Amino acid sequence: TMWEDLENLPAIKTVRAPQPSKISRELKPFQLEGLSWMQAMEKTEWGGGLLGDEMGMGKTIQAVPLIMSDHPAKNPSLVLIPPVALMQWQQEIGDYTDGTLKTFVFHGTNKNTKGMSVRELKKYDVILMSYNSLESMFRHQEKGFKRKDELHFQKSVIHQIHFHRVILDEAHNIILLTCL
């Protein structure tokens, strides 16, 4: 089972990653250890992990160098965030990378999302999106929506992309739904 497999994984040693040269702010020692741990977790069969640091410890600043660690990637990274933090993430990515990473906020308040194609989205390094927006797009694609008493289906451009990396900020927002 998954839990047994996880228990049997060898422990990842605490190692401090070198300060990333493409990050404009100096990371604290524990943030460099977090970056090293995340890079090591991506090499496991699970392809990632859950960084559960306390609030204010700099999880965002640890995630940004992770994204930069293999930049440029073939496909963009997706960062799922509560709506209140969308602009904060965009600002911090810009600040920490001196604008190297090209970001796009995929949210209903951004008029540029209308009619955005997969090809256009893949030009970005990072797509920032709220959990609710992702769920809504999936529901419109899979279950449809009513308009003028007709059921319409709308293909989700987000769900057509094979993302290089998916980062879940405030991952407790993930809920499991059972489709009947």
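Residues numbered from 1 in each chain as written. Predicted model: local features only at pLDDT ≥ 70, side-chain atom pairs only at ≥ 80, totals over all residues. Heavy atoms only, no water.

(A) Inspection of the overall build of the protein at higher detail. Broken down by element type, the protein carries six helices and six strands. Element order for the protein, N to C, with α for helix and β for strand: α-α-α-β-α-β-α-β-α-β-β-β. With the C-alpha coordinates aligned to their principal axes, the bounding extent of the protein is approximately 60 × 45 × 30 Å. Out of the 180 residues belonging to the protein, those deemed buried represent 39%. Restricting to contacts in the protein with at least 6 residues of sequence separation, those with at least 24 account for 63%. (Helix = DSSP H or I, 4+ residues; strand = E, 2+ residues; numbered from the N terminus. Buried < 20%, exposed > 50% of the residue type's maximum accessible area, 1.4 Å probe, protein only. Contact = heavy atoms within 4.5 Å.)

(B) Layout of the sheet that holds strand E6 (residues 165–168). The four strands lie next to each other as E2-E3-E1-E6, forming an open sheet whose pairing is parallel. With one partner strand each, in any of the chains shown, strand E2 (103–106) and E6 form the two edges of the open sheet. For this sheet the average axis-to-axis angle between neighbouring strands, irrespective of direction, equals 20°. Across the sheet, helix H3 (residues 59–68) touches strand E1 (77–81), strand E3 (126–130) and E6, and the angle it forms with E6 is around 175°. (Pairing = 2+ DSSP bridges. Axes fitted to C-alpha atoms, helices over the stretch in contact; angles between N-to-C directions.)

(C) Structural detail: the nonpolar core. Val-79, Ile-81, Trp-89, Ile-93, Val-126 and Leu-128 are the most contacted members of the largest nonpolar core, which has 20 residues in total. Broken down by secondary-structure element, the contributors of at least two residues to this core are H3, E1, helix H4 (86–96) and E3. The biggest single contributor to this core is H3, with five residues. Ranked by size, the runner-up nonpolar core spans 16 residues in total, among them Leu-78, Met-116, Leu-121 and Tyr-124. (Core = buried A, V, L, I, M, F, W, Y, C linked by side-chain atoms within 4.5 Å.)

(D) Examining the pattern of salt bridges more closely. Under the counting rule described, the total for this entry stands at five salt bridges. For Asp-95, the salt bridge is made with Arg-25, and the minimal N-O distance between the two is 3.5 Å. You can see Asp-95 sitting in helix H4 and its partner Arg-25 sitting in the loop between helix H1 (2–8) and helix H2 (29–42), a full 70 residues away along the chain. Residue Asp-95 is classed as partly exposed on the basis of its relative accessible area, which comes to 29%. Taken together, the shared-partner salt bridges in this structure form one network comprising Glu-42, Asp-70 and Arg-165. (Salt bridge = Lys/Arg side-chain N within 4 Å of Asp/Glu carboxyl O.)

(E) Just a negative patch on the surface, in detail. A cluster of acidic side chains, namely Glu-4, Asp-5, Glu-7 and Glu-45, defines a negative patch on the protein surface. Here Asp-5 lies in helix H1. (Patch = residues over 30% accessible without salt bridge, like charges linked within 9 Å, V, L, I, M, F, W, Y side chains within 5 Å. Areas by Shrake-Rupley, 256 points an atom, 1.4 Å probe, with all protein chains shown as cover. Lys, Arg positive; Asp, Glu negative; His and termini not counted. Charge placed at Lys NZ, Arg CZ, Asp CG, Glu CD.)

(F) Representation of empty space enclosed by the protein. What the rule picks out here adds up to one cavity of 30 Å³ or more. Considering only enclosed or pocket space, the largest cavity measures out at about 60 Å³ in volume. Contributing to the lining of the largest cavity are Ile-67, Asp-70, His-71, Ala-73, Asn-75, Ser-77, Leu-101, Asp-125, His-164 and Arg-165. Here the lining of the largest cavity is composed, by residue class, of three nonpolar, four polar and three charged. (1 Å grid on protein atoms, 1.4 Å probe; cavity = no way out; pocket = protein on both sides within 12 Å on 5 of 7 lines; lining within 4 Å. Points joined across faces, edges and corners; volume = space filled by probe spheres on them. Nonpolar A, V, L, I, M, F, W, Y, C, P; charged D, E, K, R; others polar.)

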